[in-house]
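The residues making up each chain are set out below.
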Amino acid sequence: MKTHLHALITHALDALHRDGFLPDAAPADLPLERARERTHGDFASAVALTLAKTARRKPRELAERIVAALPPSDRVAKVEIAGPGFINFFLTPTAYHAVIEEILARGDQFGRSQLGGGRRVQVEFVSANPTGPLHVGHGRGAAFGATVANLLDAVGYQVHREYYVNDAGRQMNILAVSVWLRYLEHCGERFRFPSNGYQGEYVREIAARIYAEHGGAYVQPAARVFQGLPPDEHRDPSGLLADQGDKEAHIDGLVERARALLGERRYRFIFDLSLNTILADIREDLQEFGVSYEHWYSERTLEHSGAIEKALDHLQAAGYLYDQDGALWFRSSAFGDEKDRVVRRENGQTTYFASDIAYHLEKFERGFDWVIDVWGADHHGYVPRIKAALDAIGEDPKRLSVLLVQFAILYRNGERAQMSTRSGDFVTLRELRREVGNDAARFFYVMRKSEQHLDFDLDLAKSQSKDNPVYYIQYAHARVCSVLRQLKEKGWRHDAARGNANLGLLVEAHEELLLVALSRYPEVVEAAALGDEPHQLAHYLRELANAFHTYYNEHRVLVADDALREARLNLSTATRQVIKNGLNLLGVSAPEVM
């Protein structure tokens with residue numbers, strides 16, 4: 001519908017250009033929006049105001065000429081000029097009836113477009129360190145990132161979904177030594193577990209697996225393991241904590257001790273087993289959540305390919321690296337960052353930041369036109385330094401979009417929920433999914449803007465009432481399916497062609513509101529995709545479901561009048577199709593029975 005009006009205005013502007021009234025042909029980005037009030041028409045355009053200056057015409061004069069040049073259309077009842085030069089379009093019922101025909105003809109393709117023109121976009125999301133199971137915060141990033149990718153795909157982008165696996169570096173070494181220490185405990189060794197080691201039960205399970213498969217092959221005496229290391233904690237004679245000691249040096253010392261005692265091959269076995277076990281769990285969790293990727297990109301790839309050194313060479317050649325205190329620094333402050341950043345430490349090891357620079361450079365080298373990172377809100381300060389590095393290398397930082405996702409807080413009975421967890425310190429995504437189901441989790445996660453805090457009401461998510469938005473929307477879909485079953489039970493059949501021929505019978509106020517709501521779907525998908533705002537689609541589906549439920553409660557669909565029945569069945573099945581299409585983009589199922 002919007003496309004049709006856009007074509008009419010374009011035709012008028014091009015005609016005025018050919019006649020010499022306008023200096024230029026019609027621009028591609030014509031302003032055209034739905035009118036805020038139906039009394040002002042269905043759509044409004046400020047095109048006369050935006051072109052008046054270059055045309056050297058008064059806006060209202062230009063609006064009059066545009067309206068006079070509009071070609072006739074059976075979808076436009078009348079056109080009015082309002083205020084200083086707004087052009088208001090009033091549509092005919094035929095325009096809305098055409099939407100029903102389009103929905104039924106295009107099916108699951110309705111709402112999809114080629115707006116993106118096949119441009120390649122990479123969406124990297126979740127990318128949680130494989131040091132433990134996914135928690136509810138990761139779940140929001142997963143639902144949001146997956147839906148952003150689905151929306152971009154729906155409007156014609158070539159989407160590449162990617163998970164960046166942080167399988168190198170310090171945190172993975174801490175995980176490996178944590179597993180080994182739990183293994184030693186399992187073998188009977190006694191010691192105080194490091195305060196900043198990984199504490200979860202999943203660490204014990206990996207350790208138990210090593211023991212079950214290899215017995216005591218990896219045992220070293222605890223006294224030998226901890227001998228001479230900086231203390232993790234200092235305690236007084238009564239056992240009370242006096243001070244923290246140097247826990248960072250303690251855990252790093254344990255990593256080096258493990259490597260020395262086990263040897264690199266045996267240490268690498270524990271490292272890889274820990275990594276692969278947790279990564280397999282993450283893959284399974286996300287797959288069950290309906291989240292899939294084209295590529296799981298290993299951080300180790302950057303090291304093995306020389307990509308990190310290549311990126312640093314680029315920065316060095318551009319004059320943005322310098323040595324200080326034995327470390328190598330990137331002059332990110334020259335690009336607006338609050339301070340310069342280390343890319344290679346005193347010990348010669350490159351930093352996470354250096355890896356991230358190389359990874360983002362490699363993304364653009366793979367030919368992506370646009371790169372989107374979905375990060376937790378706590379990474380807000382990291383954005384300017386990554387953009388600074390891209391700018392320094394010569395890549396356009398505007399081609400990188402970073403979408404920040406706030407944490408989700410769980411509530412039960414109006415109070416912050418204290419759910420039992422295996423790890424004891426966070427709620428896993430798997431636990432949440434088991435309690436409320438995938439559909440509720442996927443929908444609730446995207447109900448608000450990603451940068452806003454999300455209060456996740458567990459009781460509401462599980463309720464079967466109109467107050468539960470996902471239930472309410474799914475119930476509208478199931479209601480139409482129920483109507484079609486009743487139709488079959490009565491021995492009737494639905495003739496969609498006859499229904500299209502009789503759409504003019506849909507004159508009830510509730511039917512008109514439902515028709516208008518259905519016509520908005522392609523616009524909502526486009527706005528949600530280009531704005532990276534899945535919540536727009538979630539809110540729209542709730543409004544559409546409400547329009548259908550209100551209509552259904554006021555008017556019978558299976559009436560005796562054949563023509564009216566067929567028209568109402570077309571309206572209902574079109575509503576079902578749009579709900580299904582929208583839920584599919586959100587990663588939510590559309591059940592036929594509830």
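Everything in this summary refers to the structure shown in the same document. None of the values given here were measured: they were computed from a predicted structure.

Secondary structure assignment for the protein chain yields 23 helices and 17 strands. Overall, the C-alpha framework of the protein chain stretches about 90 × 65 × 40 Å when taken along its three principal axes. The burial tally for the protein chain puts 51% of its 594 residues in the buried class. Residue pairs at least 24 apart in sequence account for 71% of intrachain contacts in the protein chain once pairs closer than 6 positions are excluded. Looking at the protein chain as shown, the accessible area adds up to about 27000 Å², and 47% of this sits on carbon and sulfur atoms. On the protein chain, the mean spot of the 71 positive side-chain charges and the mean spot of the 82 negative ones are 2 Å from each other.

Overall, antiparallel pairing links the three strands, which are arranged 10-11-12 in an open sheet. Both outer strands of the open sheet, strand 10 (321-324) and strand 12 (341-344), are each paired with one neighbouring strand and no more. Strand-to-strand, the axes of this sheet are offset by a mean angle of 45°, without reference to chain direction. In this structure, strand 10 lies alongside strand 11 (residues 327-330), joined through four bridges in antiparallel fashion. Pairing of Gln 324 across the sheet is with Ala 327, part of strand 11. In this fold helix 13 (residues 352-365) packs onto strand 11 and strand 12, with an angle of close to 80° to the strand it touches most, strand 12.

For the rest of this paragraph, the subject is the side chain of Arg 442. Within the secondary structure, Arg 442 sits in helix 16 (residues 438-445). Buried and without a salt bridge, Arg 442 has Asp 439 as its closest oppositely charged side chain, separated by 7.8 Å. Other than its neighbours up to four places away in sequence, Arg 442 contacts Ala 143, Ala 146, Thr 147, Asn 150, Phe 289, Gly 290, Val 291, Leu 586, Gly 587 and Val 588.

Below, the discussion takes up helix 1 (residues 2-18). Its 17 residues place the ends of helix 1 24 Å apart at the C-alpha level, agreeing with the 24 Å of an ideal helix rising 1.5 Å per residue. All buried positions along helix 1 are accounted for by Leu 5, Leu 8, Ile 9, Ala 12, Leu 13, Ala 15 and Leu 16. Looking down the long axis of helix 1, one finds its buried residues gathered within 160° of arc, a one-sided arrangement. Exposed side chains of helix 1 directed beyond 90 degrees from the buried face belong to Thr 3 and Arg 18. Its buried side turned inward, helix 1 meets strand 2 (43-45), helix 2 (47-55), helix 3 (59-69), strand 3 (76-82) and strand 4 (86-91).

Let us look at the pairing of strand 3. The side chains of a regular strand alternate between the sheet's two faces. Both strand 3 and strand 4 contribute to a ladder of six bridges, which runs antiparallel. Across the sheet, Glu 80 pairs through a bridge with Asn 88, a residue of strand 4. Hairpin remark: strand 3 followed by strand 4, antiparallel, with three residues in the connecting loop; positive phi at Gly 83, about 60°.

When their charged atoms lie close together, side chains carrying opposite charge are able to pair. Considering all chains together, one arrives at 37 salt bridges under this definition. Where Asp 562 meets Arg 565, a salt bridge forms, and the shortest distance between an N and an O atom there is 3.0 Å. Within this pair, Asp 562 and its partner Arg 565 are both found in helix 23 (residues 562-586), separated by three residues, close to a single helical turn. One salt-bridge network, in which partners are shared between bridges, spans Asp 167, Arg 268, Asp 272 and Arg 300.

The subject of this paragraph is the sheet that holds strand 13 (residues 370-376). To summarise the sheet geometry, strands pair through backbone hydrogen bonds and adopt either a parallel or an antiparallel arrangement. If you trace the five strands from one edge of the open sheet to the other, you get 9-6-5-13-14, paired in parallel fashion. Every other strand in the sheet has two partners, leaving strand 9 (295-298) and strand 14 (400-405) as the edge strands with one partner each. Along the sheet, successive strands turn relative to each other by an average axial angle of 25°, direction set aside. Strand direction decides the pairing type here: strand 5 (residues 120-124) and strand 6 (residues 158-165), joined by five bridges, are parallel.

Here we take up the environment of Ala 55. Take Ala 55: it is sitting in helix 2. Separated by 38 residues in sequence, Ala 55 and His 17 place their C-alpha atoms 9.9 Å apart.

The next point concerns helix 13. Between its first and last C-alpha atoms helix 13 spans 20 Å; for 14 residues at 1.5 Å apiece the expected length is 20 Å, and the two agree. Of all 14 residues in helix 13, twelve are buried, a share of seventy percent or more. Considered for burial, the residues of helix 13 that qualify are Phe 353, Ala 354, Ser 355, Asp 356, Ile 357, Ala 358, Tyr 359, His 360, Leu 361, Glu 362, Lys 363 and Phe 364. Looking one or two residues past helix 13, Gly 367 carries a phi angle of roughly 95°, positive in sign.

Let us look at the nonpolar core. In terms of nonpolar packing, the biggest core is built from 151 residues, with Leu 152, Tyr 163, Trp 180, Leu 286, Tyr 445 and Phe 456 touching the most fellow members. With 33 residues, the next largest nonpolar core counts Phe 364, Val 371, Tyr 382 and Ala 392 among its residues.

Let us look at the packing of aromatic side chains. For any two aromatic rings, the description comes down to two numbers: the centre-to-centre distance and the angle of the planes. Inspection of every chain in the model, using the stated rule, returns 26 aromatic pairs. Each ring, one from Tyr 293 and one from Trp 296, has its centre 5.2 Å from the other, and the planes form 70°; the classification is edge-to-face. Pair check on accessibility: Tyr 293 and Trp 296 agree, each one buried. Here the aromatic rings of Tyr 445 and Phe 456 are separated by 5.7 Å at their centres, their planes lie at 70°, and the arrangement is edge-to-face. Taken together, the positions of Tyr 445 in helix 16 and Phe 456 in strand 17 (residues 454-457) put the pair eleven residues apart, joining distant regions of the chain. In textbook terms, an aromatic cluster arises when at least three aromatic residues are bridged by ring pairs, as seen for Tyr 320, Phe 330, Phe 335, Phe 353, Trp 375 and Tyr 382. The ring of Trp 296 is capped by Arg 283, whose NZ or CZ atom sits 4.2 Å from the centre of that ring.

Before going further, it helps to examine the packing of helix 13 against helix 14 (residues 383-393). Where helix 13 contacts helix 14, the two axes come as close as 10 Å, and the packing angle between them is 55°. Looking at the two axes, helix 13 sits oblique to helix 14. Like other packed secondary-structure pairs, helix 13 and helix 14 cross with a definite hand, here right-handed. Residues Phe 353, Asp 356, Ile 357, His 360, Leu 361 and Phe 364 of helix 13 pack against Arg 385, Ile 386, Ala 389, Leu 390 and Ile 393 of helix 14. Residue composition of the contact of helix 13 with helix 14, grouped by class: eight nonpolar, one polar and two charged.

So, about unusual backbone geometry. We note that Ser 127 has phi near 45°; this positive angle belongs to a residue other than glycine. Residue position: Ser 127 is located in the loop between strand 5 and helix 5 (136-154). When its relative accessible area of 13% is taken as the criterion, Ser 127 is described as buried. The residue Asp 325 is not glycine, and still its phi comes out positive at about 55°. Position of Asp 325 relative to the elements: it lies in the loop between strand 10 and strand 11. For Asp 325, a relative accessible area of 63% gives the class exposed.

Cut-offs and rules
- Residues numbered from 1 in each chain as written.
- Predicted model: local features only at pLDDT ≥ 70, side-chain atom pairs only at ≥ 80, totals over all residues.
- Heavy atoms only, no water.
- Helix = DSSP H or I, 4+ residues; strand = E, 2+ residues; numbered from the N terminus.
- Buried < 20%, exposed > 50% of the residue type's maximum accessible area, 1.4 Å probe, protein only.
- Contact = heavy atoms within 4.5 Å.
- Areas by Shrake-Rupley, 256 points an atom, 1.4 Å probe, with all protein chains shown as cover.
- Lys, Arg positive; Asp, Glu negative; His and termini not counted.
- Charge placed at Lys NZ, Arg CZ, Asp CG, Glu CD.
- Pairing = 2+ DSSP bridges.
- Axes fitted to C-alpha atoms, helices over the stretch in contact; angles between N-to-C directions.
- Salt bridge = Lys/Arg side-chain N within 4 Å of Asp/Glu carboxyl O.
- Expected span 1.5 Å × (residues − 1).
- Arc of directions from axis to C-beta.
- Core = buried A, V, L, I, M, F, W, Y, C linked by side-chain atoms within 4.5 Å.
- Phe/Tyr/Trp six-rings, centres within 6.5 Å; stacked < 30°, edge-to-face > 60°.
- Lys NZ or Arg CZ within 6 Å of the ring centre and 35° of its normal.
- Parallel < 35°, antiparallel > 145°, perpendicular 65-115°, else oblique.
- Left-handed = near helix turned anticlockwise from the far one by under 90°.
- Nonpolar A, V, L, I, M, F, W, Y, C, P; charged D, E, K, R; others polar.

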